[in-house]
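Summary of the model geometry
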Amino acid sequence: MKKKLDKIANDTNNFLKQFIKKQKKSELIIPMQYGLFSGGKKIRSKILVDVGTMLRINYKSLIIIGAAVECIHSYSLIHDDLPCMDNDLVRRGKPSTHIKFGESTAVLAGNSLLTMAFEILSHKFLKITEKTKINLINKISESSGHLGIAGGQYLDLNYEHKKISKKKIIDMEIKKTGKLFSFCCAAPLIMKNKSKKEIQKFENIGSEIGLLFQVADDLIDYKGNSLIAGKKTGKDKKRGKATLISLLGHKNTIKYANKIIFDINQKLKKYGTKSKNLSKTLSYILNRNK
Ligand code: GRG
């Protein structure tokens, strides 16, 4: 599993390096590269490759689409660390982008990574029909905006120091983290022109994977080692973040996470051995320590 993930990370980084190299230079390239290449796991690309391989989509296209996803993901991390958001000084074991380059540069580098995702998806080297490109861009935009990452982040900040119901916490975590995973699960079906119903089914699986990922992230914050995690831990409690751990406790949250895995695996059963890689990725997500 780790070997496959590292290969995907490597291929994605190589693609992005080449893509940036072919562009005209600008002052923002260095902070953008800092946000992109400072050691992210590329787990979203792995999910995309797992689902895409189930549908026999060629690896190269999956890496290109994953690269666009990773641009949006890196953008969200740069902005998440800003003083007006979670105010984090360290990310992936290194100074956050705004600590290294200043706040305004970090905002602009983040924005440029967002738009780079659309440059990648609309580029001619992605050998899919124009219609499919538009459908992918439509879905990834929806996942990133007020109904997705940005909206979820708004709720996350708004819920601090408040008593929030389980339903609302789950909705917030699915938006903030789950929607990008939904895109990764839906993209291969969009590429294969599957029905709306089938696409929705995989979007729902993606939301559950994202929720699992966020719960695992909260568990790392609760009990993890900051040196291994590459970021400060124990922050959620201090900031009064509304998490499932704060509501259900540590033990019940682990049970809840295992139940998510069980439910997803039930849904994947009908795909037989083709879904084996995706199932393995789920266990990795829960058991990771960074
Ligand atoms: C990006 C559209 C957009 C808006 C910005 C700041 C913000 C609004 C959203 C923040 C969302 C956020 C940071 C959610 C947390 C998701 C999460 C658990 C990130 C950690 O992901 P990993 O562990 O990171 O995959 P690596 O370092 O491995 O890449």
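Let me begin by describing the structure that accompanies this report.

1. Topic: the overall build of the protein
Counting its regular elements, the protein contains 15 helices and two strands. Relative to the globule expectation of 19 Å for 290 residues, the C-alpha radius of gyration of the protein, 18 Å, shows essentially globular dimensions. The 290 residues of the protein split such that 53% are buried. Accessible surface computed for the protein: about 14300 Å², of which carbon and sulfur atoms make up 56%. Each charge class in the protein can be summarised by its mean position, and for the 56 positive and 25 negative side chains these summaries are 6 Å apart.

2. Some words on empty space enclosed by the protein
Summed over the entire model, instances satisfying the criterion amount to one cavity of 30 Å³ or more. In this model, the largest cavity occupies a volume close to 80 Å³. Around the largest cavity, the lining is made up of 13 residues, and of these Gly35, Ser38, Arg91, Arg92 and Thr97 lie nearest the centre. Secondary-structure elements contributing two or more residues to the lining of the largest cavity are helix 2 (29-36), helix 4 (59-80) and strand 2 (94-95).

3. Observations regarding the environment of aspartate 156
Its place among the elements puts aspartate 156 in helix 8 (residues 149-158). Sequence separation of aspartate 156 and methionine 85 is 71 residues, and the distance between their C-alpha atoms is 9.7 Å. For aspartate 156, the residues in contact, after removing those within four places along its chain, are Asp86, Met172, Lys176 and Lys241. Within the local environment of aspartate 156, its side chain forms a polar contact with the side chain of lysine 241, the two groups lying 2.5 Å apart.

4. Quick notes on the layout of surface pockets
The volume enclosed by the second largest pocket comes to roughly 250 Å³. Lining the second largest pocket are Lys131, Asn135, Asn138, Lys139, Leu189, Ile190, Asn193, Lys194, Lys196, Ile199, Gln200 and Glu203. Elements with a minimum of two residues in the lining of the second largest pocket: helix 7 (130-144), helix 9 (166-191) and helix 10 (196-223). Partitioned by chemical class, the residues of the lining of the second largest pocket number three nonpolar, four polar and five charged.

5. Some remarks on the pattern of salt bridges
Applying the stated criterion to the full structure yields 18 salt bridges. A salt bridge links aspartate 11 to lysine 7; its shortest N-O distance comes to 2.8 Å. A residue pair is termed a helical-turn pair when its members lie 3 or 4 positions apart in one helix, as aspartate 11 and lysine 7 do in helix 1 (residues 2-21) at four residues. Since its relative accessible area comes to 48%, lysine 7 is described here as partly exposed. Here aspartate 86 makes a salt bridge to lysine 241, at a shortest N to O gap of 2.9 Å. In this pair, aspartate 86 is assigned in the loop between helix 4 and strand 1 (90-91) and lysine 241 in the loop between helix 12 (235-239) and helix 13 (244-248), connecting sequence segments 155 residues apart.

6. Let's talk about the environment of glycine 224
As for its placement among the helices and strands, glycine 224 is situated in the loop between helix 10 and helix 11 (226-229). Note on glycine 224: relative accessible area 29%, which makes it partly exposed. The spatial distance from the C-alpha of glycine 224 to the C-alpha of lysine 290 is 8.1 Å, given a sequence separation of 66 residues. Setting aside chain neighbours within four positions, we find glycine 224 in contact with Leu219 and Thr233.

Rules and cut-offs
Numbering of residues starts from 1 in every chain and runs along the sequence as written. Local features in a predicted model are, by the rule used here, given only for residues with pLDDT of at least 70; side-chain atom pairs are given and counted only at 80 or more, and totals for whole chains, interfaces and linings are based on all residues. With hydrogens and water stripped out, all remaining heavy atoms of the structure feed into the side-chain values. The secondary structure listing takes helices from DSSP runs of H or I that are at least 4 residues long and strands from runs of E that are at least 2 residues long, numbered from the N terminus. With the radius of gyration taken over C-alpha atoms, the globule rule is written as 2.2 Å times the number of residues to the power 0.38. A simple rule labels every residue: compare its accessible area, found with a 1.4 Å probe on the protein chains alone, to the largest value its type can have, and call it buried under 20%, exposed over 50%, or partly exposed in between. Note on areas: these come from Shrake-Rupley sampling with a 1.4 Å probe, and a residue is covered only by the protein chains present in the view. As used throughout, the charge tally considers Lys and Arg to be positive and Asp and Glu to be negative, leaving His and the chain termini uncounted. Charged side chains are reduced to one point each, which is NZ for Lys, CZ for Arg, CG for Asp and CD for Glu. In this analysis a 1.4 Å probe is tested at points of a 1 Å grid over the protein atoms alone, and where it fits but cannot get out there is a cavity; an open set with protein on both sides within 12 Å along at least five of seven lines is a pocket; lining residues have an atom within 4 Å of a point. Grid points are joined across faces, edges and corners, and a volume is the space filled by probe spheres set on the points. By definition in these notes, contact holds between two residues if any of their heavy atoms fall within 4.5 Å. Two N or O atoms count as a polar contact when they lie within 3.5 Å, although within protein this holds only if one can serve as hydrogen donor and the other as acceptor, and sequence-adjacent residues are included solely when both atoms are side-chain atoms. Residues are grouped as follows: nonpolar covers Ala, Val, Leu, Ile, Met, Phe, Trp, Tyr, Cys and Pro; charged covers Asp, Glu, Lys and Arg; every other residue, Gly included, is treated as polar. By salt bridge we mean one thing: a side-chain nitrogen of Lys or Arg within 4 Å of a carboxyl oxygen of Asp or Glu.

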